[in-house]
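# Structural features, examined
Here is how the chains run, residue by residue.
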Amino acid sequence: MFFNSVDFAVFFIIVFTLYWVISKNRNYRNILILCASYFFYGWWDWRFLLLIVGSSCVDFLIGKLLYKTTIKSKRKRLLWISLTVNLGLLFYFKYTNFFIESFVSSFKLFGKDLEINTLSIILPVGISFYTFQTLSYTIDIYRKQLTPTKDVVAFFAFVSFFPQLVAGPIERASKLLPQFNTSHTFNYGRVKSGLLLVAFGLFKKMVIADRAAVIVNEVFNAPEEYHGFHVVTACFLFAFQIYCDFSGYSDIAIGVARTMGFDLMKNFDTPYFSRSITAFWRRWHISLSTWFRDYVYIPLGGSRKGNYRTYANLFIVFLVSGLWHGAAINFVIWGAIHGLIIVFEKITYKKKQPVYKRIGLDRNTFSNRLFFGMITFTIVCFAWIFFRATTFADAMTLIRNIFTNNYSLLLSNEVYELGLEKGNVIVLFVAIVGLLCFEIFTKRYSIVAALAKQAYFFRWSVYLLIAFTLLIYGYYSNEDRSQFIYFQF
C-alpha cells in the first residue's frame, strides 16, 4: 500500500475517523493503531508480519529483563541476544546473497570457480528501518537511558507505527513510545498543517520524482547508449528524484502522524543547500545519520581517542551506512566516497587556518557560499552515480561517458528524446525551481502560519490550487517508478 495510491487514501480516512472517535480511550486507540499498522504492512505480504511480531516480542521481553538485571555480564548477554536476533534477521534477508556472490567472486581471482547458487530470498519491506527502531529501545535500556514500558500493545504499536514503518523517519523509543501513553485531543490546526505537509510530500513525489524517474531510468538502464549532456542531465535529475521521493515520503509520514496527534522527527533540512559534505549529512536522512552517530560512531570511540581514531571511526560509519542502504559493492563505494570527503573536511577544518582561508576564500560572502554549495552538490551528484547504477561496471561506463561529446545537444530538440515529452520536461524543471525557491522561503517563514493570517477565501483558494496541481500535474503511472525508492532498503 503506497502513500500515493487510492488504497492508502481510503485506508487513512477510515483509520483517521475511527481514531478520533475512540481517542479518549488510550487502550482502544493503541489497539486500533496496532491493527491498522499490521494491516498496512501485511498489504504487501502477510508473511512479513511474522518477522515484525517476532522482533517486537524479543525486544519487549529483553527490555523487561534488562531493567530487572543488575549483573553486568547478564545485561551484556541480553543485549547480545537482541542484537543477534534483530541483526541476524536483517543480515539473512538482506545480505546473504551478497556475501555468497562476494565469496564466489573472491575465489575467481585465484582461478577457482565455485558452484554455489544464491538463495531465493524476498527482502521484507522496511526491515532496515524497523530493525534499527526496535534496537534503539533495547540499547537505551541497556545504557539506563530509558525505562521499559509495561504496555505491550503500546510497544508493538511503536515498532509498527504505519506512517513511518516502511521508510522512516527512524524514531527513538525515548521520543515516540511515550506518545502512545499520553492523551491526544483533536486539534484542527494540527490536522490542517499535517494535511498540508502530506500534500507537499505528494507534490515532491508525484510532480517531480516520478517525472524525473522517466529520464533517469532511460539513461541508467542503458548506460552505454548515452553520453555527455544526457548523462549529466540524468545524474542531476536523479539527485532530485531521490530527494523528492524520500523526503516526500518523510513529509507524508510526518503529516499523517501529526493529524493523529503524534510528532515525528524532521528527516530532511534543505540538504542541497549545504556547503560541505559534513553539513549535507546533518541535513540528509537525519534520523539515520543521528542513529549511526549514537549507536555506532560513539561506541567505536567517537572523537575521544585521538585524531586518527576519529577519522577511522567516521570512515567505518559511512562504509556501514553504504552497506545499510544495499547489499552491493556500489553502495559501499557510495558510502566510502562520502566517508573520505568527510575525513578530508575534518582534517582541513582542524587546522588553525583551514585550506579555504589559506587560498583566500571567505565562506561568508554570497559568491563563495554559492561556490562551496556547487562543489558540494557536484560531489553528491557524482556519488549518486554509484548509488543508482545497477552494477559497478555501469557506474564506470556512465562516468566515462560524461566526458564524451553530445554537449551540443543542450540546444537541440534531442534533449527531449529521453522518454519524457517536452511539456513534461518543462513542468519538471519549473517544479524543481519552484521547490528550491519554496525551501529558501520556508527556512525563514512558516507557510502554515502565513496562511493562517490570511482571509478564509484566500486560504481555501490556496488549498484548492494545491489539490488542482496534484490532480493535473501529478505524473500517474502503473510502472515501478511510482513506488518509493527507499522501500527497497
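Right, let's walk through the structure included here.

### Thoughts on the nonpolar core
Of all hydrophobic cores here, the largest spans 140 residues; its most connected members are Y272, W284, W384 and Y486. The greatest single-element share of this core, amounting to 17 residues, is contributed by helix α9 (residues 229-259). With near-sequence residues (within four places) excluded, W384 lies in contact with F238, A239, I242, Y272, W284 and W334.

### Quick notes on the side chain of S193
Among the secondary structure elements, S193 is positioned in helix α8 (residues 188-220). For S193, a relative accessible area of 11% puts it in the buried group. Setting aside chain neighbours within four positions, we find S193 in contact with R258 and V448.

### Topic: empty space enclosed by the protein
This model, assessed by the stated rule, comprises 2 cavities of 30 Å³ or more. Taken together, L51, S55, N86, L89, I127, Y130 and T131 form the lining of the largest cavity. Contributing elements (two or more residues each) for the lining of the largest cavity: α3 (48-68), α4 (72-108) and α5 (127-142). At 3 residues, α5 tops the list of elements feeding residues into the lining of the largest cavity. The class makeup of the residues in the lining of the largest cavity is 4 nonpolar, 3 polar and no charged. By volume, the second largest cavity amounts to about 30 Å³. Lining the second largest cavity are F129, Y130, Q133, V159, Q164, L165 and P169. Counting residues per element, the lining of the second largest cavity draws most heavily on α5, which supplies 3 residues.

### Digging into the packing of aromatic side chains
Scanning the model with the defined rule gives 65 aromatic pairs in all. Measuring from ring centre to ring centre gives 6.2 Å for F220 and F238, while their planes differ by 45°; the resulting arrangement is tilted. With F220 in helix α8 and F238 in helix α9, this pair connects stretches of sequence that are 18 residues apart. F238 sits in the buried class, given a relative accessible area of 2%. On the numbers, 5.9 Å between centres and 85° between planes, the contact of F238 with W384 is edge-to-face. With F238 in helix α9 and W384 in helix α15 (residues 366-388), this residue pair connects regions lying 146 residues apart in the sequence. For the pair shown, F238 and W384 are each scored as buried. The aromatic ring of W324 is capped on one face by K94, whose charged end is 5.1 Å from the ring centroid.

### Topic: a nonpolar patch on the surface
On the surface, L465, F468, L471, I472, Y473 and Y476 cluster together into a nonpolar patch covering about 670 Å² of accessible area. Along the chain, the position of I472 falls in helix α19 (residues 456-473). With relative accessibility at 49%, the residue I472 sits in the partly exposed group.

### Observations regarding the environment of W80
Examined against the element boundaries, W80 turns out to sit in helix α4. On the basis of relative accessible area, W80 is assigned to the exposed category, the value being 56%.

### Details of helix α11 (residues 286-297)
Most of α11 sits out of view: 11 of its 12 residues are buried. Within α11, the full set of buried residues consists of I286, S287, L288, S289, T290, W291, F292, D294, Y295, V296 and Y297. In this structure, the buried side of α11 is in contact with α5, α10 (277-283) and α12 (307-325).

### A closer look at the pattern of salt bridges
Within this structure, the stated rule accounts for 10 salt bridges. Here D263 makes a salt bridge to R190, at a shortest N to O gap of 3.1 Å. Of this pair, D263 sits in the loop between α9 and α10 while R190 sits in helix α8, and the two are 73 residues apart along the sequence. Looking at D263, the relative accessible area reads 36%, which means it is partly exposed. In this structure, K205 engages D210 in a salt bridge whose closest nitrogen and oxygen atoms are separated by 3.0 Å. By sharing partners, the salt bridges in this structure join R172, R293 and D294 into a single network.

### Some remarks on the side chain of T138
Relative to the assigned elements, T138 resides in helix α5. For T138, a relative accessible area of 0% puts it in the buried group. Here L135 takes part through its backbone oxygen, which lies 3.1 Å from a polar atom of the side chain of T138. Filtering out sequence-adjacent residues up to four positions away, T138 remains in contact with D59, I62, L66, L79 and S82.

### Quick word on the packing of α11 against α12
Closest axis-to-axis distance for the α11/α12 pair is 11 Å, and the angle between their directions is 125°. For the element pair α11 / α12, the angle class is oblique. The interaxial crossing formed by α11 with α12 has right-handed handedness. Here L288, F292, V296 and Y297 of α11 come into contact with α12, specifically with T310, N313, L314, V317, V320, S321, W324 and H325. Partitioning the contact of α11 with α12 into residue classes produces 8 nonpolar, 4 polar and no charged.

### Description of the packing of α8 against α9
For the pair α8 and α9, the least separation of the axes is 6 Å and the interaxial angle reads 155°. Taken together, the axes of α8 and α9 lie roughly antiparallel to each other. The interaxial crossing formed by α8 with α9 has left-handed handedness. For the contact of α8 with α9, the class distribution of residues is 25 nonpolar, 9 polar and 6 charged.

### Some thoughts on the environment of T17
Secondary-structure assignment places T17 in helix α1 (residues 6-21). At 2.7 Å, the side chain of T17 forms a polar contact with the backbone oxygen of I13.

What counts and what doesn't
- Residues numbered from 1 in each chain as written.
- Predicted model: local features only at pLDDT ≥ 70, side-chain atom pairs only at ≥ 80, totals over all residues.
- Heavy atoms only, no water.
- Core = buried A, V, L, I, M, F, W, Y, C linked by side-chain atoms within 4.5 Å.
- Buried < 20%, exposed > 50% of the residue type's maximum accessible area, 1.4 Å probe, protein only.
- Helix = DSSP H or I, 4+ residues; strand = E, 2+ residues; numbered from the N terminus.
- Contact = heavy atoms within 4.5 Å.
- 1 Å grid on protein atoms, 1.4 Å probe; cavity = no way out; pocket = protein on both sides within 12 Å on 5 of 7 lines; lining within 4 Å.
- Points joined across faces, edges and corners; volume = space filled by probe spheres on them.
- Nonpolar A, V, L, I, M, F, W, Y, C, P; charged D, E, K, R; others polar.
- Phe/Tyr/Trp six-rings, centres within 6.5 Å; stacked < 30°, edge-to-face > 60°.
- Lys NZ or Arg CZ within 6 Å of the ring centre and 35° of its normal.
- Patch = residues over 30% accessible without salt bridge, like charges linked within 9 Å, V, L, I, M, F, W, Y side chains within 5 Å.
- Areas by Shrake-Rupley, 256 points an atom, 1.4 Å probe, with all protein chains shown as cover.
- Salt bridge = Lys/Arg side-chain N within 4 Å of Asp/Glu carboxyl O.
- Polar contact = N/O pair within 3.5 Å; in protein donor to acceptor, adjacent residues only side chain to side chain.
- Axes fitted to C-alpha atoms, helices over the stretch in contact; angles between N-to-C directions.
- Parallel < 35°, antiparallel > 145°, perpendicular 65-115°, else oblique.
- Left-handed = near helix turned anticlockwise from the far one by under 90°.

It is worth stressing that arrangement in space is one thing and function is another; only the former is reported here.
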